[in-house]
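Architecture at a glance
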Amino acid sequence: MTLDPENWEEFARLAHRMVDDMVDHLRSLPDQPAWQPMPAGLSDRILDEPLPTRPQGEEEVYEQFLRDVLPYPNGNLHPRFYGWVQGNGTPLGMMADMLASGMNAHLAGFNQAPPSVELKVIDWLRELLGFPEGTSGLLLSGGSMASLTGLAVARNAKAGFDVREEGVQGDKPHLTVYGSSETHSWAKKAVELLGLGNRAFRRVPVKPDFTLDVEALKAAVREDREAGHRPIAVLGTAGTVNTGATDDLDALADLCAAENMWLHVDGAFGALAAISPRLRPLVKGLERADSVAFDLHKWMYLPFEVACLLVRDGEAHRSTFSQNASYISALDRGTIAGGLFLADLGVELTRGFKALKVWMSLKAYGIGRFSGLIEQNVDQAQYLEKLVGVEPSLELTAPAPMNIVCFRYLADGLSDEKLNDLNSELLFRVQESGAAVPSSTVIDGKFCLRVCFVNHRTRFEDVDDLVSVVLRIGGELSAESK
Ligand SMILES: *Cc1c(COP(=O)(O)O)cnc(C)c1O
């Protein structure tokens, strides 16, 4: 028995059809609704299917994919999708993933070409973000994993005892970590998983521009030291998920240097603003971080999943994870010469060839295309901010320093509570209309639409259309509420 096809020609025909179908799908995205709910019963039909004991065949299961799965994504490929921070993927990235999967390379290390591709990609990203040679790095599945991994290095480097041997249990100083109240939720999972505990994560208040209040941070660190705790790390953010705010990273770097703390920057999308000379000032100080985590499946538009962690002190990175098991130890020659040098930089042993889509995309399009697209997204955000600003029935609810615009519909004589109801209904109706997919957030108690531009397919006309749809549906709701 084998899982290779009995008839390779037949399989090749099916495989070519799959490629053609997906290319057609991508080409026709603008003509599809931005999102459509699943038809009644579809989810149950998928979930209720019994264990397949009898083979259905490759064609049959592919037909079911075309019918039941492909038409019902959350919309994130679509030009008029602006929700959360979700990348869109690219046709070349899709094909690179197919090649990577076909090759099925094992990226723990080994004496083979694929790890060189990953190391090269990391080195290019290091250079783009302004980190020195000798910086270490790893590709991971997402920003959450990359930041968790970075914080693990920070913990081991700054704990002041051997965390690997002793753990964080017992009679030791309490290790504390700081970030703004706008820090993404990865940080809560990370401090919990790393044994620091949620209580050790000090949420520092933000200023009116939603950046971390550095004076409040200094006071919190001082208090913790006086109480006998050990402050180990500051989590700065380049591009917060709510409003796109970037902390004063220079001030955080200064403080960390003075206090012997580690600066980890969550730049899930924002870090990549640094690749544009025009936008680089937005994330000034990023290059001084001890570690930075950022997604390539957000603002580099590549298919899920791929993110990058950079760690300035390569030895600190390696010594957090390196292993010495005899069955995988480095030998001088043969397949495992060089050892499992990538597995020594993170938790995962078996790792896929995520680097291929990054390598092919950077080479195929050049850096200029990516920095140009990032600039285009920032310009689109500024354009939307302007449209909202001149429209009396729309109100900006936060500054829009980068690529995220938060605003709400205003209707005369409605209380804030009624406005919140109106705007949440507005959000649902815009999404359900299939015209566009913004998401939402709550800022200073105001429920608002949140429009995030990490989409290489969005055109300026789409932004005009979004405003028209919001005004039309908002007008209807406002009339209904009278
Ligand atoms: C998306 C995001 C994350 C998490 O990244 P994933 O790739 O979803 O794991 C962390 N921080 C910020 C600011 C984000 O926008």
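Residues numbered from 1 in each chain as written. Predicted model: local features only at pLDDT ≥ 70, side-chain atom pairs only at ≥ 80, totals over all residues. Heavy atoms only, no water.

- Looking up the protein chain in an unreviewed UniProt entry gives the name Aromatic-L-amino-acid decarboxylase, with the organism given as Fimbriimonas ginsengisoli Gsoil 348.
- We quote the UniProt Cofactor (unreviewed entry) comment for the protein chain here in full: "pyridoxal 5'-phosphate".
- Reading the Sequence similarities (unreviewed entry) entry of the UniProt record for the protein chain gives the comment "Belongs to the group II decarboxylase family." (UniProt positions renumbered as here; feature names shortened; annotations may be inferred.)

Looking at the layout of surface pockets
- The calculated volume of the largest pocket comes to roughly 490 Å³.
- In terms of lining residues, the largest pocket is bounded by 22 residues, among which Met 22, Leu 77, Asn 88, Pro 303 and Phe 304 are the most central.
- Among the elements of the structure, helix H1 (8-27), helix H3 (58-69) and helix H4 (91-103) are those that each provide at least two residues to the lining of the largest pocket.
- When its residues are assigned to classes, the lining of the largest pocket shows 13 nonpolar, 7 polar and 2 charged.
- Of the domains in this structure, domain 1 (1-31 + 38-71) and domain 2 (105-352) are the two that each give at least three residues to the lining of the largest pocket. (1 Å grid on protein atoms, 1.4 Å probe; cavity = no way out; pocket = protein on both sides within 12 Å on 5 of 7 lines; lining within 4 Å. Points joined across faces, edges and corners; volume = space filled by probe spheres on them. Helix = DSSP H or I, 4+ residues; strand = E, 2+ residues; numbered from the N terminus. Nonpolar A, V, L, I, M, F, W, Y, C, P; charged D, E, K, R; others polar. Domains from an automatic or database assignment.)

Looking at a nonpolar patch on the surface
- Together, Ile 46, Leu 47, Phe 65 and Val 69 make up a nonpolar patch on the protein surface, roughly 350 Å² of accessible area in all.
- If you list the elements that add at least two residues to the nonpolar patch, you get helix H2 (42-47) and H3.
- Within the secondary structure layout, Ile 46 lies in helix H2.
- Classification of Ile 46 as partly exposed rests on a relative accessible area of 39%. (Patch = residues over 30% accessible without salt bridge, like charges linked within 9 Å, V, L, I, M, F, W, Y side chains within 5 Å. Areas by Shrake-Rupley, 256 points an atom, 1.4 Å probe, with all protein chains shown as cover. Salt bridge = Lys/Arg side-chain N within 4 Å of Asp/Glu carboxyl O. Buried < 20%, exposed > 50% of the residue type's maximum accessible area, 1.4 Å probe, protein only.)

A closer look at the sheet that holds strand E10 (residues 439-443)
- The strand order across the open sheet built from 4 strands is E8-E9-E11-E10, with neighbouring strands paired in antiparallel fashion. Each edge of the open sheet carries a strand with a single partner, namely strand E8 (394-396) and E10. Direction aside, neighbouring strands of the sheet carry axes that sit 40° apart on average.
- Pairing of E10 with strand E11 (residues 446-452), which is carried by 5 bridges, proceeds in the antiparallel orientation. Following the sheet pairing, Thr 441 is matched in E11 by Cys 448.
- Here helix H12 (residues 355-390) sits on the sheet and contacts E8, strand E9 (404-409) and E11; the angle it forms with E9, its principal contact strand, is near 20°. (Pairing = 2+ DSSP bridges. Axes fitted to C-alpha atoms, helices over the stretch in contact; angles between N-to-C directions. Contact = heavy atoms within 4.5 Å.)

With respect to the sheet that holds strand E7 (residues 307-311)
- Here we have 7 strands laid out as an open sheet, ordered E1-E7-E6-E5-E4-E2-E3, and mixed in their pairing. Edge strands, defined here as strands with exactly one partner in the open sheet, are strand E1 (136-140) and strand E3 (201-204). Strand-to-strand twist of the sheet, defined as the mean angle between neighbouring strand axes without regard to direction, takes the value 20°.
- Looking at chain direction, strand E2 (residues 175-180) and strand E4 (residues 230-237) are connected through 5 bridges and run parallel. Of the residues in E4, the one forming a bridge with Thr 176 is Pro 231.
- With respect to the sheet, helix H9 (residues 214-226) is in contact with E2, E3 and E4, its orientation differing from that of E2 by roughly 170°.
- Its contacts with the sheet put helix H11 (residues 314-321) on E1, strand E5 (262-266) and E7, and the angle it makes with E1 is roughly 50°.

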